[in-house]
Amino acid sequence: MKNLARRFEGKAIIITGAAGGIGLSTAIRLAQEGAGLTLVDINDKALDQAKNTLLKQVPDAGVIVTCAANVADEKEVINYVTTSVKKFGKIDGFFNNAGIDGKRMPLEDYSVEEFDRVMAINASGVFYGLKYVVEQMKKQGFGSIVNTASIGGLRGWGHQYGYVTSKHAVIGLTKATAVEFGPNNITVNAIAPGGIKTPMAEEAMRRLNPDDPEAAEREFAAAVPAKRMGTPEEIAAAVAFLLSEEASFINGHVLVVDGGQMVKQ
């Protein structure tokens, strides 16, 4: 493991969608830098596995709390916030990350039920997290928040109506809360990843080309100036920066991490 600054020594940070992909990579990165963590995901077993993975990579990690929650359920969001505050007494940072991509299909086939399902997790889940974490951060007089958007929140593409709409909503929520709570010494920013090699992206490639998902990945990467997909660790580094005191004057910003995809297309 490379030597990292201990920017989060004594800090308490909540991460949703923490059982895998970007969430778990960010948890590992923040633990390496000294953070105490509340890991949130919908599945208890997956959370336990994620905690074990983290502790294998960071044996000297600080306090790690797990809390199973459906982020689309307001009461369960209140519970993970309350659990974290009871354990740590504060919330220094919040990575509001949980999300799904949903089904891909033409608009005329895209059901209202699927649209509502994706919006409930990706948009309402982010809203609930903001609402109850900010409430605590206002009491403290400080805090930093990073929401997970997507380049799909900055542009449009067909067949993913719930995902694209919800990620545009995340960016709107980011800007609105940044304006309202900047005077409370709270920063709210977002990351907008491009194609990142996560289990969710791998599943998307299998749907695009069931016979040869690796070919689908190569085709995708060919359109990116970096000529590859990104890694969860690269997103984790960006999130860690935005959560750190080094980013204290960055507020309401959407940080695109996509290997140059957005500027090319």
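Please refer to the structure higher up on the page.
These numbers were taken from a predicted model, which means no experiment stands behind them.

J.: Where do I start with the packing of helix H1 (residues 21-32) against helix H2 (residues 44-57) in this structure?
T.: Helices that pack against each other are described as a pair by the angle of their axes relative to one another and the distance between those axes. Relative orientation of the contacting elements H1 and H2 amounts to 40°, with a least axis distance of 10 Å. At the point where H1 passes H2, the crossing takes the right-handed sense. Between H1 and H2, the contacting residues are Leu-24, Ala-27, Ile-28 and Ala-31 on the first element and Ala-50, Thr-53, Leu-54 and Gln-57 on the second. Here the residues of the contact of H1 with H2 sort into 6 nonpolar, 2 polar and no charged.

J.: So what exactly am I meant to see when it comes to the pairing of strand S3 (residues 64-68) here?
T.: Strand residues, when the strand is regular, have side chains that alternate between the two faces of the sheet. Bridge count between strand S2 (residues 36-41) and S3: 5 bridges; the pairing is parallel. Bridge pairing in S3 places Leu-37 opposite Ile-64. This β-α-β element, S2 to H2 to S3, shows right-handed connectivity.

J.: Would you mind showing me how to read the side chain of Ser-144 here?
T.: Tracing the backbone shows Ser-144 in strand S5 (residues 143-148). Relative accessible area serves as the criterion here: at 8%, Ser-144 is assigned to the buried category. Look past the residues within four positions of Ser-144 in its chain and what remains in contact with it is Asp-92, Gly-93, Phe-94, Met-137, Thr-187, Leu-242 and Leu-243.

J.: Would you take a moment to explain helix H8 (residues 232-243) for this structure?
T.: Helical periodicity: at 3.6 residues per turn, an α-helix aligns residues three or four positions apart in one direction. Between its first and last C-alpha atoms H8 spans 16 Å; for 12 residues at 1.5 Å apiece the expected length is 16 Å, and the two agree. Every buried residue of H8 is accounted for by Pro-232, Ile-235, Ala-236, Ala-238, Val-239, Ala-240, Leu-242 and Leu-243. In this structure, the buried side of H8 is in contact with strand S1 (12-16), H1, strand S4 (93-96), S5, strand S6 (186-193) and strand S7 (254-257).

J.: What is the right way to read the environment of Asp-92 from this model?
T.: Take Asp-92: it is sitting in the loop between helix H3 (74-88) and S4. Exposure remark for Asp-92: the relative accessible area of 9% places this residue in the buried category. Filtering out sequence-adjacent residues up to four positions away, Asp-92 remains in contact with Gly-10, Lys-11, Ala-12, Met-137, Phe-142, Gly-143 and Ser-144. A distance of 2.7 Å separates the side chain of Asp-92 from the backbone nitrogen of Ala-12, its partner in a polar contact.

J.: Looking at this structure, how should I read the packing of aromatic side chains?
T.: How two aromatic rings sit relative to each other is set out by the distance from centre to centre and by the angle between their planes. Evaluation of the coordinates by the stated rule reveals 3 aromatic pairs. Centroid distance Tyr-80 to Phe-94: 6.4 Å. Interplanar angle 45°. Geometry classified as tilted. Of this pair, Tyr-80 sits in helix H3 while Phe-94 sits in strand S4; the two residues are 14 residues apart in sequence, bridging distant segments of the chain. Assigned by exposure class, Tyr-80 and Phe-94 land together as buried. Residues Phe-127 and Tyr-128 carry aromatic rings whose centres are separated by 5.9 Å and whose planes lie at 55° to one another, so their mutual orientation is tilted. Given the relative accessible area of 41%, Phe-127 is considered partly exposed.

Definitions and limits used
- Residues numbered from 1 in each chain as written.
- Predicted model: local features only at pLDDT ≥ 70, side-chain atom pairs only at ≥ 80, totals over all residues.
- Heavy atoms only, no water.
- Axes fitted to C-alpha atoms, helices over the stretch in contact; angles between N-to-C directions.
- Helix = DSSP H or I, 4+ residues; strand = E, 2+ residues; numbered from the N terminus.
- Left-handed = near helix turned anticlockwise from the far one by under 90°.
- Contact = heavy atoms within 4.5 Å.
- Nonpolar A, V, L, I, M, F, W, Y, C, P; charged D, E, K, R; others polar.
- Pairing = 2+ DSSP bridges.
- Right-handed = clockwise from strand over helix to strand, strands pointing away.
- Buried < 20%, exposed > 50% of the residue type's maximum accessible area, 1.4 Å probe, protein only.
- Expected span 1.5 Å × (residues − 1).
- Polar contact = N/O pair within 3.5 Å; in protein donor to acceptor, adjacent residues only side chain to side chain.
- Phe/Tyr/Trp six-rings, centres within 6.5 Å; stacked < 30°, edge-to-face > 60°.

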